Every structure is written in C-alpha cells, then in structure tokens.
Amino acid sequence: TLRMLVPVLLVLSFCLRGRAGLAPHFLQQPEDQVVLLGDEARLPCALGAYRGLVQWTKDGLALGGERDLPGWSRYWISGNAASGQHDLHIRPVELEDQASYECQATQAGLRSRPARLHVLVPPEPPQVLGGPSVSLVAGVPANLTCRSRGDAHPTPELLWFRDGVRLDGAIFRQTPLKEGTIGSVESILSLTPSSHDDGATLVCRARSQALPAGKDTAVTLSLQYPPVVTLSAEPQTVQEGEKVTFLCQATAQPPVTGYRWAKGGSPVLGARGPMLEIVADASFLTAPVSCEVSNAVGSANRSTALDVQFGPILQAKPKPLSVDVGEDASFSCVWRGNPLPRVTWTRRRDAQVLASGPTLRLPAVGPEDAGDYVCRAEPGLSGQGGGAAEARLTVNAPPVVTALHSAPAFLRGPARLQCLVFASPAPEAVVWSWDEGFLTAGSRGRFLVENFPAPEGLGGQGPGLISVLHISGTQESDFHRGFNCTARNRLGEGGTQVSLGRRDLLPTVRIVAGVAAVATTLLMIITGVALCCWRHGRASASFSKQKNLVRIPGSNDGSSSRGPEEETGSSKDQGPIVHTDHSDLVLDEEGALETKDPTNGYYKVRGVSVSLSLGEAPGGGLFLPPSSPLGPPGTPTFYDFNPHLGMVPPCRLYRARAGYLTTPHPRAFTSYIKPTSFGPPDLAPSTPPFPYAAFPTPSHPRLQTHV
C-alpha cells in the first residue's frame, strides 16, 4: 500500500505546484562516461524549481537520499542542494562500477536519462615466451609467442615491431575463462630467421582503448647458423699453367669445424684449411673450384670459376659429307679456347679463305667442289694450341671417264687400252664396247677386261677405278676403230673413246745402214791392228813370216780340232789373218808353241790369237747372233761388238799349234722370259706399254783368257 501512495503523492504535489508557479525540471542530466580503472568518475545532475528529495540509482537500485550515501564508501553526492546541484562521485573507480546510473527527483516524479559508466582496465605488459633472449637456428622456421594476461578491458591487441617497423603476419588468439570473461590473449609471430637476424630485437606491444600508447616487451634473437662463405681467387684472370690462390672465408655460429675443397665436383685430395694453391689449366674455365665449410649446425658451399686463357682445343671434328650434285653442303667444327679462337675454312693445299666461323656452307655443289676442306684455328695469345682438321666432300654425280695413255702396239702383237673412272656413288658397271661387241668383265675372244683401284688422290678427285682392256693378237682393224669406255651409276653415265696406236718395225734402210756402219768400223780397226803388227814384225828375225801367221776362226762349240795343215789352208775360206806378237809365247824343242801360264797352273791355256773380224760360222758365212724369239719373224737382230772392239791386239803372232777361241753360245747374247700374267696398269706415258714389251737387256758372259 505504501508503494501505491508514493506515486499518488507525487502527482498531487506536482498539481499543487503547477497551480502555485514553475514546475520542477532538470537543468543538467548525466551522460555516458569512460573512466580508467582507479580514476574518479563524476556524473552531473541539476534540478530547477525543486526542493525535495533527490536520489541516484545504479542499474535501478537506489543508492539512497543522503549526501554521503551510507553503505557506498566510494560513492558520494556533491553540490549545493539549495541550488539544485546533485552530482554523483565514484572514487576510485573499479570494474564493478561499470553500470547504468539515473538521477531522480522523487517528490516531483522526475527521472534523468540513463548514463552508462564504462570502466577501462589497461592491459598488463605482455610476455614473450622464451624471452628475454630466444635462441633460434638460421634457416629453420620458428614461432614467437606474445601473451597478455589479466582483466584488461577492453581486450587489448598485441602487435610486433622490429626497429620501429610493424611486422605483419602474426596470428591473434584469445583464451576465454569458464565464466565467459577473457582470461588471456596471444599473438604468434612466424618467421624463418637468417644469419643476419642474429642479435636483432623484436618488440611485442599490448595496446587498447584504455592504454592507447600500449605496453611493450622486447626480446633478443640469438641465432645459430651454418657458415656464411665467401670464396675469392687471386688472380682471377690467369694464363694456363700459372699458379692461382683460392681463399675461403666464413662466419658461423657455432664456430667452423672443417673445410673441404673440390674442383668440378671432385674432391681435391690433400686440400685442408681456408687456402688452396693450384696450377690453373683450361678445365678451370668450366670446372669451378668450390669450398665447403661446416659447423655443428650445418654446412655451406661456394664456388668460383677462373678466367683461364688458353689456346684453341678441337672439340668436334668436321664430318665427311656425301651429297648429290646441286644440293647444299655444310661442314661444322668446334674449337674451344679463351679468348674465343678465330676459325677459318680453306681447301686442302689452297690458302684462299672460304669462310670464317664454326660452319662452312657450300650452296649447290658441283663436281668441282669435291675434295678435302680444312677447318683451322690460329694459336692463342700464349702461342699454344691451334691446329687444323680436315673433312672430305664427296659430290655424287654421273661418272667422269678419262682416257689414259695407251702405248702403240705391233700388228699381231698384244695391246692394252686404259681408262680412268671417277664416280660417286661407285659405278655399277664399266663397259668396253667396239664395233662388233662389248665386254664388262672377264674375257671374250681376243679381249680381256681387268679393273684396278686407282691410287689415292689421282686426278685430285679421290679414289677412282682404272679399267684395262687387253687385246691379244691385234688385227689391222683394231688400229682404225674406236674403243669406248663407259661407266654408269644411279645419277647417269659418262664415257670416253680410246684409240689404239700402231708401232711399226724398224725400216730396212736403217738396218742396212747400221750393218754397214758396223762393218766399216771393224774394217778400220782391223787395218790399224794389221799395220801395228807389221811394224813390229820387221824386228823379229827368229821366226819366219809364215810362222807368225795364226788364224782363229769363230766357233760355236769350243776349241777347233783342225790340224796344222788346215791352219795353212787357203785364205779364201778363212777369216782375216792378223799379225800379233806376244812375249808370253816361246817354242819348245819340237817347234811347238809353248805358253807361259800367268796363272801358275790355275788355267791350262794355250797360245791364242783373236781374230777381230766377224768370224766364220761353222757352215761358212758371216757370223751373227741367232734371231730373237721375241719379235715377229724377219726382225733383224744386232750384236754389241763394243766389248771386243775395245781389245788391244797383240803385236806378234807365232805360227804353231794354236787353239781356237770358242764363240759364245747363242744364249749368251740374249735371253727372254715369257710373262705368266698381265701386270698392273701403266700410269706414266714414259713407261713401256706392256710388261712383256720391256725385254731384258742381252747379257754377255765375260770372256776371260790369260795369254
């Protein structure tokens, strides 16, 4: 009932006052405020035309009408009540003071608008787990955790800074308590440190509305990292064969435990420590030197390549080519050197430069382009290296056939015709043809074909083929017809005509003139010898003129068996008589001619006088060597009398029993060996056309006599 009366009384009081004058009203009402925990909060309230009771409520709960607000030790009301000032003070503000407050004039029935008091709790300084110095491994991902505890209000945010620069990428996480309030917040920063981060300082800052400047906590990074290597070479540019020094420097935490050197991936045996001395060669340009440094955390490797200058080295030779006529040809060769070598192309035995660089291109080649091509590199600055490499170009074309020298032949004698064939690809066949037939290989009647490989380089076109046509027993028609030598391959055919020349016998006039000249020469010699003997004969008085005449006719088979009677026969059927004198001849008791043997019995020699004229044949007539079986019938033969013409005749001859010198056997004048097979082709015009035409030189047995 009391509660119902209070509103009624307020309404009646308002009505009465309204009748009496100005009605009560609020001059100032409280507003929402934000207060830091521990600070003082003041909520203003001022009433006009009101002299009654004023009270404050907290979340609808009346705090009381007294000015000191008993029961609320941190609360009080201030201001001049007579002037209508009723301000609510709270000091120090605690988190529980956060509520909605109203100022009420109970007797006038007035209520102010609600004012919300917000209590801000600043965050505590954050904590970095593992701080204040965190040990990390360079290159290994790691997480740094920053945590803020307490009843901070509102919930703070945690930020990361390095050297005043905010770091992004942190993960923010809240941990609520069971009652629904926030217990703590965390910020996790993920990073992959490097050796440069050693000793760096990171800052975690807790910031909120209660503490805009925030509170910081710093942490220092202590890194363990594998070696950081620096490799240098001195000198960096070096000539091949000179010494170079490599220096390997490293920083590491923990300290370095070892060094390992390698070249081109292969260990350098015996190399220890941070320095390496070695002699440089061309391989250092492509096989770098590396230094690997290790510690307890790991290892690091650095490498460097030297600028080694060296002369040209051939890496890829040009390859032989075989192309058809009219097509393009291309050669390539690779030379390696530092500086890069200058490469030129020439033809073999020709100084003209065709191209420069690693490639030679020959468009639309012809047969004249076939041959050897040379890829040449000049020596380097040091004078070392360089050289040349060759490759052959074979131009596939129809065969090229050339007639070779063929020696003239005798009628009814053997003959040989030759042709030279160059063809690429190799000829499928070489055909000899004439009026009544053709022949590729083997024999046919009087004809035989043989093929031989041509000597390397003959004609300047590389390997070729020599085809030889043999003719056995030439006929008159063979000297007036043409023999065709034809070769063919897949690209076509080529041919040439070869003619056979005739070789006649020596004219009869020349033969007669030669015989006459020989006879005249012999006659002059005999006359001279006779005069010489006559002059010496006048001084010899112990022998008769008849006894000084001795004749030795020519014989075919040993010494003569004629008696002394036959020796004094008519000079009509005897050879010419010559006078001679010989100091080695004496007469024995019977008047026979005794001979002093200058060989002391080695030869049994009788006194001999040599007739220097042509001797008599056993059947009479002029002696001539037998006919040679080599030439055609009727061919004259000659005998070389020069060895006999050079003999000095004796000055005196003694007539007595004398032996006769044996004339040489016919085989002593000439010999002949019949060839058993055809020989190889003749390539030089000066050589005899046939091996069997080069007759052996007649051999004469040396006639040795001791008189």
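Cut-offs used in this document
- Residues numbered from 1 in each chain as written.
- Predicted model: local features only at pLDDT ≥ 70, side-chain atom pairs only at ≥ 80, totals over all residues.
- Heavy atoms only, no water.
- Helix = DSSP H or I, 4+ residues; strand = E, 2+ residues; numbered from the N terminus.
- Buried < 20%, exposed > 50% of the residue type's maximum accessible area, 1.4 Å probe, protein only.
- Contact = heavy atoms within 4.5 Å.
- Areas by Shrake-Rupley, 256 points an atom, 1.4 Å probe, with all protein chains shown as cover.
- Disulfide = S-S within 2.5 Å.
- Pairing = 2+ DSSP bridges.
- Axes fitted to C-alpha atoms, helices over the stretch in contact; angles between N-to-C directions.
- Core = buried A, V, L, I, M, F, W, Y, C linked by side-chain atoms within 4.5 Å.
- Phe/Tyr/Trp six-rings, centres within 6.5 Å; stacked < 30°, edge-to-face > 60°.
- Lys NZ or Arg CZ within 6 Å of the ring centre and 35° of its normal.
- Salt bridge = Lys/Arg side-chain N within 4 Å of Asp/Glu carboxyl O.

An unreviewed UniProt entry lists the protein under the name Kirre like nephrin family adhesion molecule 2, from Ovis aries.

1. A look at the overall build of the protein
If you tally the helices and strands in the protein, you get four helices and 48 strands. Taking all 707 residues of the protein together, 36% fall into the buried category. Excluding contacts between residues fewer than 6 apart, the proportion of contacts in the protein whose partners are at least 24 apart in sequence is 65%. Within the structure as shown, the protein displays about 39700 Å² of accessible surface, and the carbon and sulfur contribution to it stands at 54%.

2. Digging into the state of the cysteines
Applying the stated criterion across every chain, the model contains five disulfides. Here Cys45 is linked by a disulfide to Cys103, with a sulfur-sulfur distance of 1.9 Å. One disulfide, between Cys45 and Cys103, carries an S-S torsion of -75 degrees and so falls in the left-handed class. Pair noted here: Cys45 is in the loop between strand E3 (41-43) and strand E4 (46-48) and Cys103 is in strand E9 (residues 100-105), with a separation of 58 residues, a long-range link. The disulfide partner of Cys419 is Cys485, and the gap between their sulfur atoms is 1.9 Å. Pair noted here: Cys419 is in strand E37 (residues 415-424) and Cys485 is in strand E43 (residues 482-489), with a separation of 66 residues, a long-range link. The pair formed by Cys419 and Cys485 is uniform in burial state, with each residue classed as buried. Taking only the cysteines that form disulfides and numbering them from first to last, the protein has the pattern 1-2, 3-4, 5-6, 7-8, 9-10. Its sulfur unpaired, Cys533 is 5.5 Å from the next cysteine sulfur, which belongs to Cys532.

3. Topic: the sheet that holds strand E38 (residues 429-434)
The strands making up a sheet associate through hydrogen bonds between their backbones, and the pairing can be parallel or antiparallel. Taken together, the four strands give an open sheet; going across it, the order is E39-E38-E43-E44, and neighbouring strands pair in antiparallel fashion. Strands at the two margins of the open sheet, each flanked by one partner only, are strand E39 (437-439) and strand E44 (492-499). In this sheet, neighbouring strand axes are inclined to one another by 25 degrees on average, regardless of whether the strands run parallel or antiparallel. One ladder, built from three bridges, connects E38 with E39; its direction is antiparallel. Paired with Ser433 across the bridge in E39 is Phe438.

4. Thoughts on the nonpolar core
By size, the foremost hydrophobic cluster in this structure holds 23 residues, and its most contacted members are Trp56, Tyr75, Leu88, Ile90 and Tyr101. When contributions to this core are tallied by element, the ones reaching two or more residues are E3, strand E5 (54-58), strand E7 (75-78), strand E8 (87-90), E9 and strand E11 (115-120). No other element matches the three residues that E9 contributes to this core. Excluding residues that lie within four positions of it along the chain, Leu88 makes contacts with Ala41, Arg42, Leu43, Trp56, Leu63, Leu69, Tyr75, Trp76, Ile77 and Tyr101. By size, the runner-up hydrophobic cluster in this structure holds 21 residues, among which are Leu231, Ala271, Val289 and Val293.

5. Topic: the side chain of Ser187
Checked against the element boundaries, Ser187 lands in strand E18 (residues 182-191). Classification of Ser187 as buried rests on a relative accessible area of 1%. With residues near it in sequence (within four places) discarded, Ser187 still touches Leu144, Thr145, Cys146, Leu158, Trp160, Ala170, Ile171 and Phe172.

6. Things to note about the sheet that holds strand E26 (residues 289-294)
The antiparallel open sheet is built from four strands, whose spatial order is E24-E23-E26-E27. On the outer flanks of this sheet lie strand E24 (266-267) and strand E27 (299-304), each paired with one strand and no other. Where strand E23 (residues 258-263) meets E26, six bridges bridge the pair, whose relative direction is antiparallel. Note that in E26 the partner of Ala262 across the bridge is Ser290.

7. Focus on the packing of aromatic side chains
Enumeration over the complete set of coordinates arrives at six aromatic pairs. In textbook terms, an aromatic cluster arises when at least three aromatic residues are bridged by ring pairs, as seen for Phe331, Trp345 and Tyr373. The lysine or arginine in question, Arg205, covers the ring of Phe161, its NZ or CZ lying 4.4 Å from the ring centre. Positioned over the ring face of Phe479 is Arg502, at 5.4 Å from the centre of the ring.

8. Topic: the pairing of strand E33 (residues 353-356)
Examined bridge by bridge, strand E32 (residues 343-347) and E33 share three bridges and lie antiparallel to one another. Its bridge partner being in E33, Thr344 is matched across the sheet by Ser356.

9. Comments concerning the pattern of salt bridges
Within this structure, the stated rule accounts for 20 salt bridges. Among the ionic pairs, Arg74 bridges to Asp97, the shortest N-O distance being 2.5 Å. Taken together, the residues Arg74 in the loop between strand E6 (61-62) and E7 and Asp97 in the loop between E8 and E9 connect sequence positions 23 residues apart. Of the residues examined, Asp97 reaches a relative accessible area of 0% and is grouped as buried. Where salt bridges share partners, they join Arg74, Glu94, Glu96 and Asp97 into one cluster.

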